[in-house]
Amino acid sequence: MPRGDKSSYTDKQKRKAEHIEEGYEDRGVGKTEAERRAWATVNKESGGGKKSGSGRGKTENHASSRKGGRKGGTASAGRSAAERSAAAKKGWETRRKRGNS
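Residues numbered from 1 in each chain as written. Predicted model: local features only at pLDDT ≥ 70, side-chain atom pairs only at ≥ 80, totals over all residues. Heavy atoms only, no water.

A. Representation of the pattern of salt bridges in the model. One pass over the structure, following the stated rule, counts 7 salt bridges. A salt bridge links Lys31 to Glu25; its shortest N-O distance comes to 3.6 Å. The partner of Arg96 in a salt bridge is Glu93, with the nearest N and O atoms 2.6 Å apart. Placement of the pair is Arg96 and Glu93 together in helix H5 (residues 81-98), with a separation of 3 residues, close to one helical turn. Take Arg96: its relative accessible area is 48%, and that puts it in the partly exposed class. Each member of the salt-bridge network shares a partner with another, and the members are Lys16, Glu45 and Glu60. (Salt bridge = Lys/Arg side-chain N within 4 Å of Asp/Glu carboxyl O. Helix = DSSP H or I, 4+ residues; strand = E, 2+ residues; numbered from the N terminus. Buried < 20%, exposed > 50% of the residue type's maximum accessible area, 1.4 Å probe, protein only.)

Okay, structure coming up:
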């Protein structure tokens, strides 16, 4: 099996990598770099491609995903309550004017 072959991955792992890749691209990471990071994340969490058979599975470790989710929002944590409230009101007004909810 050549390097980079994704045939041993499950459909769920492929979907997961695609979703992670889209998230990186939304944040401005290039296509190839986003794909590389996405598969690295899938490999780290699930241990690589899965093979079928009873007793072959291992539990996935989502510690890095959880850490990323918890790290988010640190920028707003340094702002005062009044500043956060003003930003929330401004965002709401923008969504109201554009018709987004």
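Back to the text.
B. Representation of H5 within the structure. Counted at 1.5 Å a residue, the expected span for H5 with its 18 residues is 26 Å, and the 26 Å between its end C-alpha atoms agrees. Just downstream of H5 lies Gly99, where phi reads positive at about 85°. (Expected span 1.5 Å × (residues − 1).)

C. Quick look at the nonpolar core. If you look at the biggest cluster of nonpolar residues, it comprises 9 residues: Tyr9, Ala17, Ile20, Tyr24, Val29, Ala34, Ala38, Trp39 and Val42. Residue assignment for this core shows that the elements contributing at least two residues are helix H1 (11-26) and helix H2 (31-46). It is H2 that provides the largest number of residues to this core, a total of 4 residues. With sequence-adjacent residues up to four places away left out, Ala38 is seen in contact with Ala17, Ile20, Glu21 and Tyr24. (Core = buried A, V, L, I, M, F, W, Y, C linked by side-chain atoms within 4.5 Å. Contact = heavy atoms within 4.5 Å.)

D. Quick peek at the packing of aromatic side chains. Going through the model one piece at a time under the given rule, you end up with 1 aromatic pair. The ring of Trp39 carries Lys6 above its face, with NZ or CZ at 4.8 Å from the centroid. Over the ring of Tyr24 we find Arg37, and its NZ or CZ is 5.2 Å from the ring centre. (Phe/Tyr/Trp six-rings, centres within 6.5 Å; stacked < 30°, edge-to-face > 60°. Lys NZ or Arg CZ within 6 Å of the ring centre and 35° of its normal.)

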